[in-house]
Amino acid sequence: TTPAAPVEHMKWWGWGVPGVAFHHEDKPEFAPFVKNAVGLDLHAAQPLEQPDFGALDVPASIAPDALREALARAVGEGNVRDDDLDRVVHTYGKSLRDLVRVRAGDLPRVPDLVVYPADEDGVQRVVDAAVAADAVLIPFGGGSNIAGSLQPDTAETRPIVSVDLGRLDRVLDIDEAAGLARIQAGALGPAIEAQLNPRGWTIGHFPDSFTHSTLGGWVATRSSGMQSDKYGDIADITRGLRVARPGGMLEVRAVPSASTGPSVREMVLGSEGRLGVITEATVQVHRIPAKRVIHAYFFPNWKAGSAAMQAIAASDVHPSVTRVSDARETGFSLATSKERRGFSALAQKGLFTVLRKRGWDLDQLCLSFIGYEGEPSTVAEQRKAVERIVKAHGGIGVGTGPGVLYDQKKFDTPYLRDFLLDRGAGGDVSETAAPWSRIDGLHDGVIAAAEDAYRRIGRKGWIMCHLSHSYHSGACLYFTFAFVFGDDPIAEYDTVKSAVQQAFIDLGGVPSHHHGIGVEHAQWLPDAISGQGVAVIEGLFAATDPGRHLNPAKIT
Ligand code: FAD
């Protein structure tokens, strides 16, 4: 038997850890909702067996012995691996396309070796050894990306080395006066908080993939977390960087702001491994707030909800979360709630009766979450000011109950995709950002484009949306879509995903707000930054990596 890898990974065929899965037996509204949304009868559907790794045909490693030996000298024999499981785990991220491919054994090109350096010097030795041997390097954080940022180029004939950062998982130092922490790039979200929290600090970055994504991955994809309205996106949080490049370290000093020409810090942000391996980032950290609470609100329709979020962004209050779901996603949220009993069931029924009497069409109901953090007095003041805005837009407060539930289940929701895949259906997400002036048109236009795509592929499909991050000038819209597969899941997925992405571009958005470009979104990059913009990026990669050793064929 092969010894276990030095780092634990997610399931090779799906999300998260073994033994955890989505269940609907305790959610009575879920099966009828799914039947209505995509036509899938969960009571009749027979789930597939768990995929069998032994059935995969994994291409043999083409790593020459000399490369293997050089890497073993760099990181130690046991930290250079070529077993099939480890290589497959490092082949893809977790997009729907990735999961369909890996489950089907569609593995045209797999990393030939996986290395686990223990520290920054080890990373530098790996980079230099691999480049000297004319091998390709693909940095690996948690493997959670959904933009195709990890997959090896199928045309690559040189050996491919996946550099797993998982052993670089420590908070190295906290500058308490500056509120800056030096953290190794391979640290997963929970490991970062577990080291910061006992000392009274938090990074405040909580993407839905928090449990299985790393600081280096966040930086390399320009990630955004749920509390970004207060703490900023990772691009704001990251101040200093250390990147192992062929021949030496790139170092960006951590300062609050700098006038040092075009920003190299910004070049590394979103670079998806194409500029080198990030070994460490110095990030802003904050004192853990004395109080943190999420309140839920209902709005009579999407327009009222999005206008309220815009008004909050334009006001003097700064909640940590401003989120509003459209009517479809609100229906989904209500359907994934556990069965309500007793007072809670009565309260919801009573509330809905009151809303109906007020003339609300409950099919248009939009659920919103607003998060507040800080001293109790600040939280109270902020809440009061926000609730004035909510009221002015026709919304009403429904307390903290739904927010607590949302907080508890947000890291479990990703398991739903495996549940659907096991039953012949697929779901994925696409997100964008646009100015406030385009938000409502974008919302309606993307839904119309997806519905048209479903008509073209002849499938009954579902799409829903929430506004997830607010800024001075606009917001992020996050769409989730799902349908039961026909004969060609990947072609059907391409039709729907492309329609959604194209609508982003046509209606004033960008290809991605926080998932990066990878290969999945590359065709729309010129629309966002122009051909000249793409030429600048291509020039940067060509000049700094002339041998195309660093995760080639991503972004451009
Ligand atoms: P990986 O997937 O391992 O790598 C991603 C890219 O970064 C690759 O190109 C890789 O080569 C490069 N990379 C990784 N580490 C380094 C390094 N040390 N140096 C250089 N390059 C490196 N994203 C969000 O922003 N917000 C969300 O709320 C969110 N929710 C998600 C929910 C689900 C269910 C899923 C599947 C994904 C979600 N994502 C989200 C997307 C994903 O989690 C992010 O893209 C994340 O930043 C990827 O981090 P990772 O450590 O998993 O990187």
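Please read all numbers here as calculations on a predicted model, not as lab measurements.

K.L.:
Requested: an account of the pairing of strand 4 (residues 160–164), with residues and values cited.
P.N.:
Across the five residues that make up strand 4, a large majority, five, are buried. Both strand 2 (residues 113–115) and strand 4 contribute to a ladder of three bridges, which runs parallel. Looking across to strand 4, one finds that Val114 is bridged to Ser162. For strand 3 (residues 136–140) and strand 4, the ladder comprises five bridges, and the chain directions are parallel. Bridge pairing links Val136 to Ile160 in strand 4.

K.L.:
Summarise the domain arrangement of the protein; cite the residues concerned and give the values.
P.N.:
Taken domain by domain, the protein holds domain 1 (51–164), domain 2 (171–287), domain 3 (291–409) and domain 4 (415–523). In this structure, domain 3 and domain 4 have C-alpha centres spaced 24 Å apart. Each side of the interface is counted separately: domain 3 has 15 residues, and domain 4 has 13 residues. Taken together, the elements giving at least two residues each to the side of domain 3 that touches domain 4 come down to helix 11 (302–314), strand 13 (321–325) and helix 12 (327–335). Here the side of domain 3 that touches domain 4 gets seven residues from one element, more than from any other, and that element is helix 11. Partitioned by chemical class, the residues of the side of domain 3 that touches domain 4 number six nonpolar, four polar and five charged.

K.L.:
Summarise the sheet that holds strand 6 (residues 180–184); cite the residues concerned and give the values.
P.N.:
Read across the sheet, five strands follow the order 5-6-10-8-9 without closing on themselves; strand pairing throughout is antiparallel. Of all the strands in the sheet, the pair left with one neighbour each is strand 5 (171–175) and strand 9 (248–252). Averaged over all pairs of adjacent strands, the angle between strand axes in this sheet comes to 10°, irrespective of strand direction. The pairing of strand 8 (residues 238–245) with strand 10 (residues 277–284) spans six bridges and is classified as antiparallel. Its bridge partner lying in strand 10, Gly240 is registered against Thr282. Contacting strand 8, strand 9 and strand 10, helix 5 (residues 120–132) crosses the sheet at an angle of about 45° to strand 8.

K.L.:
Let's hear about the site of the ligand: which residues, and what values?
P.N.:
Taken together, 37 residues form the shell around the ligand, and within it Gly141, Pro207, Gly216, Gly217 and Ser223 come nearest. Those elements giving two or more residues to the shell around the ligand turn out to be strand 3, helix 7 (215–221) and strand 10. The dominant element in the shell around the ligand, judged by the number of residues it contributes, is helix 7, at five residues. Tallied by class, the residues present in the shell around the ligand amount to 13 nonpolar, 20 polar and four charged.

Criteria and cut-off values
Residues numbered from 1 in each chain as written. Predicted model: local features only at pLDDT ≥ 70, side-chain atom pairs only at ≥ 80, totals over all residues. Buried ≥ 20, exposed ≤ 12 C-beta atoms within 10 Å, placed from the backbone. Helix = DSSP H or I, 4+ residues; strand = E, 2+ residues; numbered from the N terminus. Pairing = 2+ DSSP bridges. Domains from an automatic or database assignment. Contact = placed C-beta atoms within 7 Å. Nonpolar A, V, L, I, M, F, W, Y, C, P; charged D, E, K, R; others polar. Axes fitted to C-alpha atoms, helices over the stretch in contact; angles between N-to-C directions. Near = placed C-beta within 6 Å.

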